[in-house]
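Notes for the structure review
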Amino acid sequence: MPRQTSFLAAALVATTALTLPAALAAQERVLRIGMTAADIPRTLGQPDQGFEGNRFTGIPIYDALVHWDLSRDDTASVIIPGLATAWEVNPDDTTRWTFTLREDVVFHDGSPFNAEAVVWNVQKVLDEDAEHFDASQVGVTASRMPTLRSANVIDEFTVELVTSEPDSFLPINLTNLFMASPSHWQAKFEETGDSEAAWAAFAADPSGSGPFRVTNFAPRERLELVPNEDYWDESRRSPLDRVVMVPLPEANARTAALLGGQVDWIEAPAPDAIPQIESRGFVLYSNAQPHVWPWQLSFAEGSPWLDRNVRHAANLCFDREELAILLGGLMAAPVGTVGPDHPWWGDPSFEIRYDLEEARRLMTEAGHSADNPLRVRVQTSASGSGQMQPIPMNEYMQQALRECYFDVELDVIEWNTLFTNWRRGATDPSANGAHAINVSFAAMDPFFAMVRFTSTGAFPPVSNNWGYFGDDEFDGLIADARTTFDDDARDEALARLHARIVEEAPFVWIAHDVGPRAMSPRVTGVVQPRSWFIDIATMDIEP
């Protein structure tokens, strides 16, 4: 039987650490959020803490040139204009893109947004000779847009972006490059006389152009935002008085905080507390979304996963429907990174399913048995952005795969450390001998879903091909897709790539997240999109 984390033992533990005065919140329109992160994601422009950082300190405080449309719950999110109103690739040189910028945008400090600001923000993560270059922001940015090389001012509201190779994925990748105020940073630099110190001062007092601005920031404790009343998109001018975010990495503590009235919204509630949450009148939101919870496998020399039979066996050895019971039904069973209804499906020849007999046959053929199990070590976290319920889920996998002659050892570390290790690779000492890493990932665009895990050009430290999977065949399939600027033809190329990924199985596909979050019925205007992200700006809370 699946193991479950007992909520009853911690149902209403004291939450005095959450210094969130409920009486004051009742007088104001204050939305209080309990995050899964163990710390407030960085506020200086490029968040850490995975995509939970983008969700809570990226999208609310900052804008990108291109945004995700988070306004609908009935269709997959697509990209829409953000700070750029239009973009096009140069037909004579497809490494060059022209972006037309909005002319009515100012940063929170009152300085103007323009083409020079875009160039400055590209330089902060790509130009090591720039005075404001910040190495600490590179890892969470460059790995998400690896072909971007430079930016040039065309005129005040037109900028050219240049890539290292033709890359039709660039507009999607740019959703991850948040625009910070150059003038505000310069003021911090003049105060401190040091670039690193200026960035630290900027993080404590940030200036973006997003729908919220920061008023109070205490690392590991809380972040407070207030609406930007001059925000350029009137439809996203928030009616709230304040937003308060607190890190609550443990599921039981988050759930207790919600039930005890300490917060109004929690991410990833404790699964066995779902009946109590709903019976108390709280609203549970979830939706299908492009988010994969896998084991990413190592292909380094000596890895136990080098035999494809072993990789297939692991994907066949456990019952995803049983795992869903452990999670209170809050997951979807994957058959690949995308499903058969997706244009990138490609009809792979290997079928991901539960087939214990076939899994045992493959393992026997590979030379393993109950008396000679295959030892594998998996690095995971205790909590974190998109990690769902990592400890009980990995313990379930540990138990289930024992039936197919796997001996699984878990190496549990802090989430942000795990996320950093993900970029360092399976051969780095930070892997601590792990043969697989459990980092969930968003799959809403080709680069995030497939390319960064299968391209030899994405080997660490460039991007997230932690396991060093890939060869000339996969590089060729990626090039076919990346250099195709017609949408339908690109989908066909991506379908061929996805089919081969499923057939070679560089992952154990364990679950698709559905983004469960529980909220007070007082929270209104909630749209749970088919996306890893969600828009706080359109929400309100009844007094």
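Throughout what follows, the structure given in this document is the object of discussion. (Residues numbered from 1 in each chain as written. Predicted model: local features only at pLDDT ≥ 70, side-chain atom pairs only at ≥ 80, totals over all residues. Heavy atoms only, no water.)

1. Let's talk about empty space enclosed by the protein
Put simply, the test is: Detection works on a 1 Å grid of protein atoms alone, calling trapped sets that fit a 1.4 Å probe cavities and calling open sets with protein on both sides within 12 Å along at least five of seven lines pockets, with lining residues defined by an atom within 4 Å of a point. Grid points are joined across faces, edges and corners, and a volume is the space filled by probe spheres set on the points. Each residue gets one label: Ala, Val, Leu, Ile, Met, Phe, Trp, Tyr, Cys and Pro are nonpolar, Asp, Glu, Lys and Arg are charged, and the others, such as Gly, are polar. Starting at the N terminus, helices and strands are each numbered in turn, a helix being any DSSP run of H or I of at least four residues and a strand any DSSP run of E of at least two.
Using the criterion set out here, one finds 5 cavities of 30 Å³ or more in the structure. Here the largest cavity defines a volume of roughly 210 Å³. Considering the residues around the largest cavity, the lining is formed by 22 residues, among which A268, M388, D513, G515 and P516 are closest to the centre. Residue classes in the lining of the largest cavity are distributed as 8 nonpolar, 9 polar and 5 charged. Taken as a whole, the second largest cavity spans an internal volume of roughly 130 Å³. What lines the second largest cavity is a set of 19 residues, and nearest its centre among them are G50, F51, R144, F419 and W422. When contributions to the lining of the second largest cavity are tallied by element, the ones reaching two or more residues are α2 (50-58), α14 (415-424), β17 (441-442) and α15 (446-454). If one sorts the elements of the lining of the second largest cavity by residue count, α14 sits on top with 4 residues. Here the residues of the lining of the second largest cavity sort into 8 nonpolar, 8 polar and 3 charged.

2. Observations concerning the sheet that holds strand β7 (residues 158-163)
For clarity, the threshold we go by: Two strands qualify as a pair provided that DSSP identifies no fewer than 2 bridges between them. Fitting a line to C-alpha atoms yields each axis, with helices limited to the stretch in contact; the angle taken between N-to-C directions then spans 0 to 180 degrees. Residues are treated as being in contact if the distance between any of their heavy atoms lies within 4.5 Å.
The strand order across the open sheet formed by 4 strands is β4-β5-β7-β6, and the pairing between neighbours is antiparallel. Sheet topology places β4 (84-90) and β6 (148-155) at the edges, where each strand pairs with a single neighbour. Across the sheet, the axes of successive neighbouring strands diverge by a mean angle of 20°, strand direction being ignored. Both β6 and β7 contribute to a ladder of 6 bridges, which runs antiparallel. Paired with V153 across the two strands is V159, which belongs to β7. Taken strand by strand, helix α3 (residues 115-126) contacts β5 (93-101), β6 and β7, and its axis lies near 165° from that of β6.

3. Considering the environment of Q387
Rules: We define a polar contact as two N or O atoms separated by no more than 3.5 Å, with the added condition that, inside protein, one atom must be a possible hydrogen donor and the other a possible acceptor, whereas residues neighbouring each other in sequence contribute only through side-chain atom pairs.
Within the fold, Q387 resides in the loop between β14 (374-381) and α13 (390-402). Expressed as a C-alpha distance, the spacing of Q387 and V292, which sit 95 residues apart in the sequence, is 9.5 Å. The residues touching Q387, leaving out its near neighbours within four places in the chain, are W293, T380, S381, W415, L418, N438, V439 and S440. Looking at Q387, its side chain comes within polar contact range of the main-chain nitrogen of S440, at 2.9 Å.

4. A look at a negative patch on the surface
Keep this limit in mind: Residues enter a patch when their relative accessible area is above 30% and they make no salt bridge; the linking distance is 9 Å between like charges and 5 Å between nonpolar side chains (Val, Leu, Ile, Met, Phe, Trp, Tyr). A 1.4 Å probe and the Shrake-Rupley method give the accessible areas. Residues count as covered only by the protein chains that appear here. We count a salt bridge whenever a side-chain nitrogen from Lys or Arg sits within 4 Å of a carboxyl oxygen from Asp or Glu. Asp and Glu are treated as the negative residues and Lys and Arg as the positive ones, with His and the ends of the chain left uncounted. One atom stands in for each charge, and that atom is NZ of Lys, CZ of Arg, CG of Asp or CD of Glu.
Residues E103, D104, E116, D155 and E156 make up a contiguous surface patch of negative charge. Here D104 shows up in the loop between β5 and α3.

5. Observations regarding the nonpolar core
Under the convention used in this document: Buried residues of nine kinds, namely Ala, Val, Leu, Ile, Met, Phe, Trp, Tyr and Cys, make up a nonpolar core once their side-chain atoms join them within 4.5 Å. Here the term buried applies to any residue with accessible area under 20% of the maximum for its type, exposed to any over 50%, and partly exposed to those in between, with areas from a 1.4 Å probe on protein chains only.
Grouped together as the largest cluster of nonpolar side chains are 118 residues, with contacts concentrated most on W295, W305, L401 and F406. For this core, the element with the highest residue contribution is α15, accounting for 6 residues. The residues touching F406, leaving out its near neighbours within four places in the chain, are W305, V310, A314, M363, P373, L374, V376 and L401.

6. Considerations on the layout of surface pockets
Roughly 1,200 Å³ of volume is contained in the largest pocket. Forming the boundary of the largest pocket are 40 residues, of which A76, H342, W344, A443 and M444 lie nearest the centre. For the lining of the largest pocket, the secondary-structure elements that each account for two or more residues are α5 (170-173), β13 (291-297) and α17 (487-504). The element best represented in the lining of the largest pocket is α17, accounting for 4 residues. Residue composition of the lining of the largest pocket, grouped by class: 25 nonpolar, 8 polar and 7 charged.

7. Observations concerning the pattern of salt bridges
For the structure shown, the criterion picks out 27 salt bridges. In this structure, R29 engages D540 in a salt bridge whose closest nitrogen and oxygen atoms are separated by 2.3 Å. Highlighted residues: R29 in the loop between α1 (22-27) and β1 (30-35) and D540 in strand β21 (residues 540-541), separated in sequence by 511 residues. Here R29 falls in the partly exposed class, since its relative accessible area comes to 29%. The salt bridge partner of R377 is D411, with a shortest N-O separation of 3.6 Å. With R377 in strand β14 and D411 in strand β15 (residues 406-413), the pair connects residues that are 34 residues apart, well separated along the chain. Classification of R377 as buried rests on a relative accessible area of 15%.

8. Focus on the state of the cysteines
The test is simple: Any two cysteine sulfur atoms lying within 2.5 Å of each other are counted as a disulfide.
For the structure shown, the criterion picks out 1 disulfide. For C317, the disulfide goes to C404, at an S-S distance of 1.9 Å. Residues C317 and C404 share a disulfide whose torsion about the S-S bond is about 105°; that sign makes it right-handed. Within this pair, whereas C317 is found in the loop between α10 (308-316) and α11 (320-326), its partner C404 is found in the loop between α13 and β15, the two being separated by 87 residues in sequence. Take C404: its relative accessible area is 0%, and that puts it in the buried class.

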